[in-house]
Amino acid sequence: FTGVPALLLFWWTWQRDQERLIVQKLVWFATTIDGKRIHLRGGSGPQFGILIRNRSLFPVHVSAAGFQIDGEVIQLEHPYFESKMKKNPDPQSNRPYIPDEDADVREIASQASTKVSVHDPTDQVTLSAVLSAAAEKHKVSAEDMLMSGKVMAMVATETGRIFTSLPL
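These lines cover the structure that appears in this document, whether it is placed above or below. (Residues numbered from 1 in each chain as written. Predicted model: local features only at pLDDT ≥ 70, side-chain atom pairs only at ≥ 80, totals over all residues. Heavy atoms only, no water.)

What follows concerns the overall build of the chain. Assigned secondary structure in the chain consists of 3 helices and 13 strands. Against the compact-globule benchmark of 15 Å for 168 residues, the chain has a radius of gyration of 20 Å, which places it well outside the compact range. Projected onto the principal axes, the alpha-carbon positions of the chain cover approximately 65 × 55 × 35 Å. Considering the chain as a whole, with its 168 residues, one finds that 33% of them fall into the buried category. Taking all contacts inside the chain whose residues are at least 6 apart in sequence as the whole, residues at least 24 apart take part in 66%. Accessible surface for the chain amounts to roughly 10700 Å². Of this, 57% is attributable to carbon and sulfur atoms. Taking the 18 positively charged and 19 negatively charged side chains of the chain as two groups, their mean positions are separated by 8 Å. (Helix = DSSP H or I, 4+ residues; strand = E, 2+ residues; numbered from the N terminus. Rg over C-alpha atoms; globule rule 2.2 N^0.38 Å. Buried < 20%, exposed > 50% of the residue type's maximum accessible area, 1.4 Å probe, protein only. Contact = heavy atoms within 4.5 Å. Areas by Shrake-Rupley, 256 points an atom, 1.4 Å probe, with all protein chains shown as cover. Lys, Arg positive; Asp, Glu negative; His and termini not counted. Charge placed at Lys NZ, Arg CZ, Asp CG, Glu CD.)

Here the focus is the packing of aromatic side chains. Under the definition given, this model contains 1 aromatic pair. Arranged with centres 4.9 Å apart and planes meeting at 80 degrees, the rings of Phe48 and Phe67 form a pair that is edge-to-face. Highlighted residues: Phe48 in strand 4 (residues 48-54) and Phe67 in strand 5 (residues 60-69), separated in sequence by 19 residues. Grouping residues by exposure puts Phe48 and Phe67 together as buried. (Phe/Tyr/Trp six-rings, centres within 6.5 Å; stacked < 30°, edge-to-face > 60°.)

By the bridge criterion, 4 bridges tie strand 4 to strand 11 (residues 113-117) in an arrangement that is antiparallel. Bridged to Arg53 within strand 11 is Ser113. Inspection of the sheet shows strand 7 (residues 80-81) paired to strand 11 by 2 bridges, in the antiparallel sense. Each residue of the ladder has a partner; that of Tyr80, found in strand 11, is Ser117. (Pairing = 2+ DSSP bridges.)

All right, on to the pattern of salt bridges then. Counted under the stated rule, the structure contains 2 salt bridges. Residue Lys115 pairs with Glu82 through a salt bridge whose shortest N-O separation is 3.7 Å. Here Lys115, found in strand 11, pairs with Glu82, found in the loop between strand 7 and strand 8 (85-87); they are 33 residues apart in sequence, far enough to count as distant. What makes Lys115 partly exposed here is its relative accessible area of 32%. For Glu82, a relative accessible area of 35% puts it in the partly exposed group. (Salt bridge = Lys/Arg side-chain N within 4 Å of Asp/Glu carboxyl O.)

This is the structure we're talking about:
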């Protein structure tokens, strides 16, 4: 009689202590004057990034981020993680929050999220080249290729686990 509850408690405890990240690729859009949505483009192609949500009960440290485009994995050499903010100690200031230089931007607190952007020109050129080659291979536009399931965001944690985004 005690075996079943003990097994359920063991399973629940093991499940609770696992890393759980939700990874999504971010694609930025803009609205034109006539109300159409268009992809934002940089000098080398469409702009996109990664959204990471930590559903674990403990903080998780991201060690690498990148994309899988048509089976080819591209790790970002210089991923840009969103800055962490803290309350401004100066009550007279008109800025209630200021950047926290002591915070580790790669650490995601439990139940928090962060964005990873591609601002480095070499990363942008590399991603754009691979995306364009894959789009030519499948005879679609780079924007259509980006929105397809053949482009996935990837995140690796310091424990070695790799999380990928689901296809749209």
